[in-house]
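Residue-level listing of the chains:
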Amino acid sequence: MDLRIFTEPQQGATYDTLLTVAKATEDLGFDAFFRSDHYLKMGSVDGLPGPTDAWITLAGLARDTKRIRLGTLMTAATFRLPGVLAIQVAGVDQMSGGRVELGLGAGWYEEEHTAYGIPFPKEKFARLEEQLAIVTGLWKTEAGKSFDFHGTYYDLKDSPALPKPAQAKIPVLIGGQGASRTPRLAARYADEFNMPFGSVEDSERQFGRVRAAAEEIGRGDELVYSNALVACVGKDDQEVARRAAAIGREVDELKANGLAGTPAEVVEKIGRYAEIGSRRIYLQILDLDDLDHLELISAQVQSQLS
């Protein structure tokens, strides 16, 4: 089971804060550092000093880290034109020496679009499908050949399909809880399917749908299956309660919907996800100043899983 650190910088984080967490992620032996792609805070936090752009941030981290994988859960398709996104991600992959992964989603948070003048189209899923076709198509076009795409929302003609990523294939992540279109899209384009904030039972059901869709097109067991879950781990009940209070959550709710409790409790619950086929857990870390939290997870959770 790979453990990856997943952050939500729109809630309030500078680049220096993210770099500190990313370096801790690397030093403590975690597999990857991922971040959300949002331009507006959520909930009652002040969000200061303001949002950071996901791919600008990852470009910096590509140069300031050496080992960990870097990526997004999930880049919003509404924020970027697909051709531009392909260039950006390929560039960051080169800067990192081939450590980038692209999580791409339809976009859902209407208020952040309104706040920054970003169009929020009614039909988002079909746009996402075209974006996936374009981004992956540009990357896999052979050098010296051109790429064309004529869709409902995007039209590309005689694209040189450059630059190329450092990796032969950048892993693409698709996630969500949709019962029909999401599994079909994941089966066609994804290297990894991520279930966001779902129970063991809901994850097992959704993984089954994606596997069935993949088998229909001959992909079989090619996909990696993963979960994203909020983390709140403490050496005892008092420390768990303190960490829950710091992020404005209740312990019982976190235990029901995330990975909360003592290391032994969290290891047991991760084991339940592993039993249904999950191979990676993205630990949503909401208090980015609490590096002791990461040290505890590394020493007493990750060590038991490896």
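Residues numbered from 1 in each chain as written. Predicted model: local features only at pLDDT ≥ 70, side-chain atom pairs only at ≥ 80, totals over all residues. Heavy atoms only, no water.

### Remarks on the overall build of the protein chain
Filter applied, for reference: The helix count covers DSSP runs of H or I at least four residues long, the strand count covers runs of E at least two residues long, and both are numbered beginning at the N terminus. Computation of the radius of gyration draws on C-alpha atoms, with the globule rule given as 2.2 Å multiplied by the number of residues to the power 0.38. Two residues qualify as a contact provided that any one of their heavy atoms is within 4.5 Å of a heavy atom in the partner residue. Per-residue accessibility takes into account occlusion by the displayed protein chains alone, with areas from the Shrake-Rupley method and a 1.4 Å probe. The convention is simple: Lys and Arg are positive, Asp and Glu are negative, and His and the chain ends are not counted. For this purpose, a charge sits on NZ of Lys, CZ of Arg, CG of Asp or CD of Glu.
Secondary structure assignment for the protein chain yields 11 helices and 12 strands. Computed over C-alpha atoms, the radius of gyration of the protein chain comes to 19 Å, within 12% of the 19 Å expected from 2.2 N^0.38 for 306 residues, which places it in the range of a compact globule. Each of the three principal axes of the protein chain carries a C-alpha extent, and together these read 60 × 45 × 35 Å. For the protein chain, the share of sequence-separated contacts (at least 6 apart) that also reach a separation of at least 24 residues comes to 73%. Of the roughly 13500 Å² of accessible surface on the protein chain, 50% is carried by carbon and sulfur atoms. Charge centroids of the protein chain, computed over 34 positive and 45 negative side chains, lie 5 Å from each other.

### Some thoughts on the packing of helix 10 (residues 263–275) against helix 11 (residues 291–305)
Axes are the key here: two packed helices are described by the angle between their axes and the distance separating the axes. Formally: Helix axes are fitted only over the stretch in contact, all axes being lines through C-alpha atoms; the angle between N-to-C directions runs from 0 to 180 degrees. Here is the rule for angles: anything less than 35 degrees is roughly parallel, anything more than 145 is roughly antiparallel, 65 through 115 is roughly perpendicular, and the remaining ranges are oblique. Each crossing is labelled by how the near helix is turned from the far one, with a counterclockwise turn of less than a right angle marking it left-handed and a clockwise turn marking it right-handed. Nonpolar residues are Ala, Val, Leu, Ile, Met, Phe, Trp, Tyr, Cys and Pro. Charged residues are Asp, Glu, Lys and Arg, and all others, Gly as well, are polar.
At a closest axis distance of 10 Å, the pairing of helix 10 and helix 11 adopts a crossing angle of 40°. Here helix 11 runs oblique to helix 10, going by the angle between their axes. The interaxial crossing formed by helix 10 with helix 11 has right-handed handedness. Counting all contacts with helix 10, which are made through Pro263, Val266, Val267 and Ile270, the residues of helix 11 involved are Leu296, Gln300, Val301, Gln304 and Leu305. Across the contact of helix 10 with helix 11, the residue classes break down as 7 nonpolar, 2 polar and no charged.

### Describing the packing of helix 1 (residues 15–27) against helix 2 (residues 54–64)
Packing of helix 1 against helix 2 brings their axes to within 11 Å, and their N-to-C directions diverge by 45°. When the axis of helix 1 is compared with that of helix 2, the two are oblique. Both helix 1 and helix 2 take part in a crossing whose hand is right-handed. The residues of helix 2 that touch helix 1, namely those facing Tyr15, Leu18, Leu19, Ala22 and Lys23, are Thr57, Gly60, Leu61 and Asp64. Within the contact of helix 1 with helix 2, the residues separate by chemical class into 5 nonpolar, 2 polar and 2 charged.

### Regarding the pattern of salt bridges
Stated precisely, the cut-off is as follows: One side-chain nitrogen of Lys or Arg within 4 Å of one carboxyl oxygen of Asp or Glu is enough to make a salt bridge. Burial classification: accessible surface area is computed with a 1.4 Å probe over protein chains only, and a residue below 20% of its type maximum counts as buried, one above 50% as exposed, and the rest as partly exposed.
Counted under the stated rule, the structure contains 19 salt bridges. The partner of Arg80 in a salt bridge is Asp53, and the shortest N-O contact between them spans 2.8 Å. Taken together, the residues span a long stretch of sequence, with Arg80 in the loop between strand 4 (75–76) and helix 3 (82–96) and Asp53 in the loop between strand 2 (32–35) and helix 2 at a distance of 27 residues. Like Asp53, Arg80 is buried.

### Considering the environment of Leu70
Following the sequence through the fold, Leu70 ends up in strand 3 (residues 69–72). Between the C-alpha atoms of Leu70 and Ala106, which are 36 residues apart in sequence, the distance is 20 Å. If we ignore the near neighbours within four places in the chain, the residues touching Leu70 are Phe33, Phe34, Leu58, Leu61, Ala62, Thr65, Arg99, Val100 and Glu101.

### Notes on the packing of aromatic side chains
Applicable threshold: Stacked, tilted and edge-to-face are the three classes applied to pairs of Phe, Tyr and Trp rings, where Trp contributes its six-membered ring and a pair requires centres within 6.5 Å; stacked means planes under 30 degrees apart, edge-to-face means over 60, and tilted covers the rest.
If you walk through the whole model with that rule in mind, you get 6 aromatic pairs. Judged by centre distance (5.1 Å) and plane angle (55°), the rings of Phe207 and Tyr225 are tilted. Within this pair, whereas Phe207 is found in helix 7 (residues 200–216), its partner Tyr225 is found in strand 10 (residues 224–233), the two being separated by 18 residues in sequence. Among the residues examined, Tyr225 registers a relative accessible area of 5% and is labelled buried.

### What to know about the environment of Thr17
With respect to the helices and strands, the residue Thr17 is situated in helix 1. When the C-alpha positions of Thr17 and Leu288 are compared, they lie 7.2 Å apart, and in sequence the two are 271 residues distant. Once you skip the residues sitting within four places of it in the chain, Thr17 turns out to touch Leu288 and Asp289.

### Structural notes on the pairing of strand 5 (residues 100–105)
As a reminder of what qualifies: When DSSP finds at least two bridges between two strands, those strands are taken to pair.
Judged by how many residues are buried, strand 5 sits mostly within the fold: 6 of 6 residues are covered. Because side chains alternate across strand 5, one face comprises the buried residues Val100, Leu102 and Leu104, and the other comprises Glu101, Gly103 and Gly105, equally buried. Bridge count for strand 3 against strand 5 is 2 bridges, and the pairing is parallel. Bridge pairing links Gly71 to Glu101 in strand 5.

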